[in-house]
Amino acid sequence: MNSEINMQSGTADNGVNVQALLGAREALTGAREAARFTWRASSQWVRGTHTRASVEGFHGLGEDQSHRQAFVFDIDHPEVFAAEDKGATPVEYILVGLAGCLSAGIAAVAQNRNIQLRSVSATVEGGMDLAGILGIDADVRNGFDGVRVHFEIDADASEADIAALVAQSQKRSAVFDIMTNPTDVTVTTSKR
Amino acid sequence: MTRNPASSRAVDVVVIGAGHSGLAMSAALAARSVDHVVLERGVVANAWHTERWDSLRLLTPNWMTHLPGQPYAGNDPDGFMSAAEVAGFIEGYAARNGAPVHTGTTVLRVAPAAGGYRVHTDGGDWWCRAVVLASGAHGLPAVPRITAEVPAAIHQLTPNNYHNPADLDDGGVLVVGASATGVQLADEIQRSGRQVTLAVGEHVRMPRTYRGRDIQWWMQVAGLLDQRIEDVDDPERARRVPSPQLVGTAERRTLDLNALMDAGVEVVGRFAGIRDGSALFSGSLRNVCAMADLKLNRLLDAIDTWEHASPDRLRVPPAERFAPTRIGSAPRLRLPLRGAVKTIVWATGFRPDYSWLDVPVLDARGRLRHNGGVAEAPGLYVLGMPYLRRRKSSFIHGATDDVAELSQHLFDHLDQGATGRSYRLPTRSLREQRTYGLEAAVINA
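Given the structure is predicted, the values throughout are model-derived calculations rather than measurements. (Residues numbered from 1 in each chain as written. Chains lettered and ligands numbered in written order. Predicted model: local features only at pLDDT ≥ 70, side-chain atom pairs only at ≥ 80, totals over all residues. Heavy atoms only, no water.)

## Some remarks on the side chain of His20 of chain B
Residues and elements named next belong to chain B.
So, point 1. Residue position: His20 is located in helix 1 (residues 20-31).
So, point 2. Taking the relative accessible area as the measure of exposure, His20 reaches 13% and is therefore buried.
So, point 3. In this structure the side chain of His20 is engaged in a polar contact, spanning 3.5 Å, whose partner is the side chain of Ser21.
So, point 4. Not counting residues within four places of it along the chain, the set of residues in contact with His20 comprises Leu67, Ile90, Phe395, Ile396 and Ala399. (Helix = DSSP H or I, 4+ residues; strand = E, 2+ residues; numbered from the N terminus. Buried < 20%, exposed > 50% of the residue type's maximum accessible area, 1.4 Å probe, protein only. Polar contact = N/O pair within 3.5 Å; in protein donor to acceptor, adjacent residues only side chain to side chain. Contact = heavy atoms within 4.5 Å.)

In structure tokens, the structure reads:
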């Protein structure tokens, strides 16, 4: 199916089990229902702009799954927003998600192409005009007006091959897709 | 429609479609005196007569346009045939071979029958031992479901019902898709004075000429067009790769996104949907352009490497590289449709029409399962599909090698009867080298 498998005998080790990923791809091609995952998070408002969220369970491969442990995230706003700064802002979590997703993709693609990575550093910036969320100007959107990612990569590969790694990781990235394409969002409410 | 009184006739092979592929197969069958008919819903080369826009020319130079026993015989080997010229070329081939074409015969259903197939048509039925599907890859435009959400005031067209810019209302035009079709239509509509917005997803960038020769010449001599489906990383993907951004013109101009932007076309990301009366475009434009630029350079590297290694070094100009695709500082993400856009042209590709095929060989998405043109039903074959057996399979001259091999399989089928045989073609060992234009998918959640 894929000549890159042949390079499994190569020497690069980025700590990614590409064989398992390719096996999953093959298995899930024939079992599309198992490929349907649901990712979940839950949150509790604490006080002010501080909310604490956690992730633990998710659904996939036809059954409920869970992380090895619950991961907890404090979400707040900085003091310049007259908040208490108990955690990163929600939009910073988005940037964190993008960096994590693209970097994981780079590692996997590099492993698949037998490219040894020595370092992968990313800086991610999202520009935002507060005139949107503050309702100052209806023509300004609430969200980012642009997102810029810069990768600095040390690897046994040419500049063009490194660029191709980064391009392929964007092509296969969930967070990149979530940020670049519209998503239908449903929010419901119940009174306790 | 009068029904033929002799409404069920027997023949060894029914070929469906009198285009270049079906006629090439017919010639191979005739050479072995295999009793067959070619059923054609319209006239010979029907789609070239009726479903092509006025300015369309082949993406390949005339010297590449040949069929078994019929070379290009004109006096402009480096030119590009118009649709009418292609139709004439194919008609000449049919006439010269005396192909047994039944024109004006629409196939209504193909179903298994004892020892073969029954082919129901509006001119009576045929019973046969083998069927060759040569009705083409472009039967139906593949248009996204979103078309239903387009405001009614906007005129929607597909490439097989678009003729020329004069068909269009005055006002803006959104062209969705940047394969050869999309870039050609965007270019001519922009030149007609209508502002074009071109929505661009993954695409294949190519210069018309490279180092003084046509890019198709390089692809041919370097063996890229002969590359076999068994040798590519991901055959599924290879068969879905859009046509390259090429146009056949006398001045041999390159029609990439930079050229379109120079002409005033606004380039935006992949069409992502309609919300609140606006078309939304993906923010992935930079990446799809970066990928196309990288793949172009990989192709040129492969050509340079081949040229450098070729024993009779060609007297060609030195290697060159093209400017990266220029994307402005903030590509448009939404376009209000009311007012600004009068027409949407869906240049989003085609799919074959198998609505009449009542044989269980289609997958869940309606695609024909086949191995190099041998369908998973004894005696059923398909021709002329993208990368059917080789990269050139969808080219006119690609029919020659595909028909030579598939007709041999078909003859074996007829010789051996229909029992206990393998429908698998031998597959080649996978090559270790990365293949141009193909990226293996890697899961990355």
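## A few points about the packing of aromatic side chains
Residues and elements named next belong to chain B.
So, point 1. Scanning all chains against the criterion turns up 11 aromatic pairs over all chains.
So, point 2. In this structure, Arg9 packs its charged tip against the face of Trp126, placed 4.1 Å from the ring centre.
So, point 3. Across from the ring centre of Phe411, 4.0 Å away, lies the NZ or CZ of Arg32, which sits over that ring. (Phe/Tyr/Trp six-rings, centres within 6.5 Å; stacked < 30°, edge-to-face > 60°. Lys NZ or Arg CZ within 6 Å of the ring centre and 35° of its normal.)

## Points about the sheet that holds strand 14 (residues 271-275) of chain B
Residues and elements named next belong to chain B.
So, point 1. Taken in spatial order, the three strands line up as 14-15-16 in an open sheet, and their pairing is antiparallel. At either margin of the open sheet sits one strand with a lone partner, and together these are strand 14 and strand 16 (334-336). If you compare each strand with its neighbour and ignore which way they point, the axes differ by 20 degrees on average.
So, point 2. Alignment of strand 14 against strand 15 (residues 278-281), held across four bridges, turns out to be antiparallel. Directly across from Ile274, in strand 15, lies its bridge partner Ala279. (Pairing = 2+ DSSP bridges. Axes fitted to C-alpha atoms, helices over the stretch in contact; angles between N-to-C directions.)

## Structural notes on the packing of helix 1 of chain B against helix 9 (residues 398-416) of chain B
All names here are of chain B.
So, point 1. Where helix 1 contacts helix 9, the axes come no closer than 9 Å and their chain directions differ by 50 degrees. On the basis of the axis angle, helix 1 is oblique to helix 9. Like other packed secondary-structure pairs, helix 1 and helix 9 cross with a definite hand, here right-handed. Contacts between helix 1 and helix 9 involve His20, Ser21, Ala24, Met25, Ala28 and Leu29 from the first element and Ala399, Val403, Leu406, Ser407, Leu410 and Phe411 from the second. (Parallel < 35°, antiparallel > 145°, perpendicular 65-115°, else oblique. Left-handed = near helix turned anticlockwise from the far one by under 90°.)

## A word on the confidence of the model for chain A
So, point 1. Chain-level statistics for chain A give a pLDDT mean of 92 and a share of 95% at 70 or above.
So, point 2. Here residues 1-8 of chain A is modelled with pLDDT under 50, and outside its nearest four sequence neighbours on either side it reaches 32 contacts, counting other chains as well. (pLDDT = per-residue confidence, 0-100.)

## Comments concerning the environment of Trp127 of chain B
Residue and element names in this part refer to chain B.
So, point 1. On the secondary structure map, Trp127 appears in strand 6 (residues 124-133).
So, point 2. With a relative accessible area of 24%, Trp127 lands in the partly exposed category.
So, point 3. Taking the C-alpha atoms as reference, Trp127 lies 40 Å from Gln220; in sequence the two are 93 residues apart.
So, point 4. Setting aside chain neighbours within four positions, we find Trp127 in contact with Arg9, Ala10, Val11, Ala113, Ala114, Gly115, Gly116, Tyr117 and Arg118.

## A look at the sheet that holds strand 9 (residues 172-176) of chain B
Residues and elements named next belong to chain B.
So, point 1. Read across the sheet, five strands follow the order 8-17-9-10-13 without closing on themselves; strand pairing throughout is parallel. In the strand order of this sheet, the two ends are held by strand 8 (155-157) and strand 13 (266-269), each with one partner. Between one strand axis and the next, the sheet turns through 20 degrees on average, direction left out of account.
So, point 2. As defined by bridge partners, strand 9 adjoins strand 17 (residues 341-346) across five bridges and the pair is classed as parallel. When the sheet's bridge partners are listed, Gly172 is paired in strand 17 with Val341.
So, point 3. Strands in contact with helix 4 (residues 180-191) are strand 9, strand 10 (196-200) and strand 17; relative to strand 10, the strand with the most contacts, it is inclined by about 165 degrees.

## Let's talk about the domain arrangement of chain B
Residue and element names in this part refer to chain B.
So, point 1. Each assigned domain of chain B is listed with its residue range as follows: domain 1 (8-139 + 352-416) and domain 2 (142-206 + 244-350).
So, point 2. Taken together, the 13 residues of domain 1 in the interface contact 17 residues of domain 2.
So, point 3. Regarding the contact of domain 1 and domain 2, the summed buried area is about 1,300 Å², with carbon and sulfur atoms giving 56% of it.
So, point 4. Together, Trp53, Leu59 and Phe80 form the three largest contributors to the area buried by domain 1 at its contact with domain 2, with a combined 49%.
So, point 5. Along the contact surface separating domain 1 from domain 2 lie four residue pairs in polar contact (both at pLDDT 80 or more). (Domains from an automatic or database assignment. Buried area = accessible area lost by both parts, 1.4 Å probe.)

## Things to note about unusual backbone geometry
Both trends apply: most residues other than glycine have a negative phi, and most peptide bonds are in trans.
So, point 1. At Asp85 of chain A, a residue that is not glycine, the phi angle is positive and equals roughly 60 degrees.
So, point 2. By the element assignment, Asp85 of chain A lies in the loop between strand 4 (63-75) and helix 2 (90-112).
So, point 3. On the basis of relative accessible area, Asp85 of chain A is assigned to the partly exposed category, the value being 40%.
So, point 4. Here the phi dihedral of Ser33 of chain B falls at roughly 55 degrees; this positive angle occurs in a residue that is not glycine.
So, point 5. A relative accessible area of 65% means that Ser33 of chain B is categorised as exposed.

## Some thoughts on the confidence of the model for chain B
Residues and elements named next belong to chain B.
So, point 1. Put simply, chain B has an average pLDDT of 90, and 92% of its residues get 70 or more.
So, point 2. Under a pLDDT of 50 for its full length, residues 1-5 has, in the predicted model, seven contacts with residues more than four places off or in other chains.
So, point 3. Every residue in residues 418-445 is under pLDDT 50, and counting partners more than four places away or in other chains gives 89 contacts.
So, point 4. Confidence estimates for the predicted assembly give a pTM of 0.88 and an ipTM of 0.84.

## Some thoughts on the packing of helix 2 of chain A against helix 3 (residues 159-171) of chain A
Residues and elements named next belong to chain A.
So, point 1. The N-to-C vectors of helix 2 and helix 3 enclose an angle of 120 degrees; their axes lie 8 Å apart at closest approach. Taken together, helix 2 and helix 3 sit at an angle that is classed as oblique. The way helix 2 lies across helix 3 gives a crossing that is right-handed. Between helix 2 and helix 3, the residues in contact are Leu102, Gly105, Ile106, Val109 and Ala110 and Leu165, Val166, Gln168, Ser169 and Gln170, respectively.
So, point 2. Within the contact of helix 2 with helix 3, the residues separate by chemical class into six nonpolar, four polar and no charged. (Nonpolar A, V, L, I, M, F, W, Y, C, P; charged D, E, K, R; others polar.)

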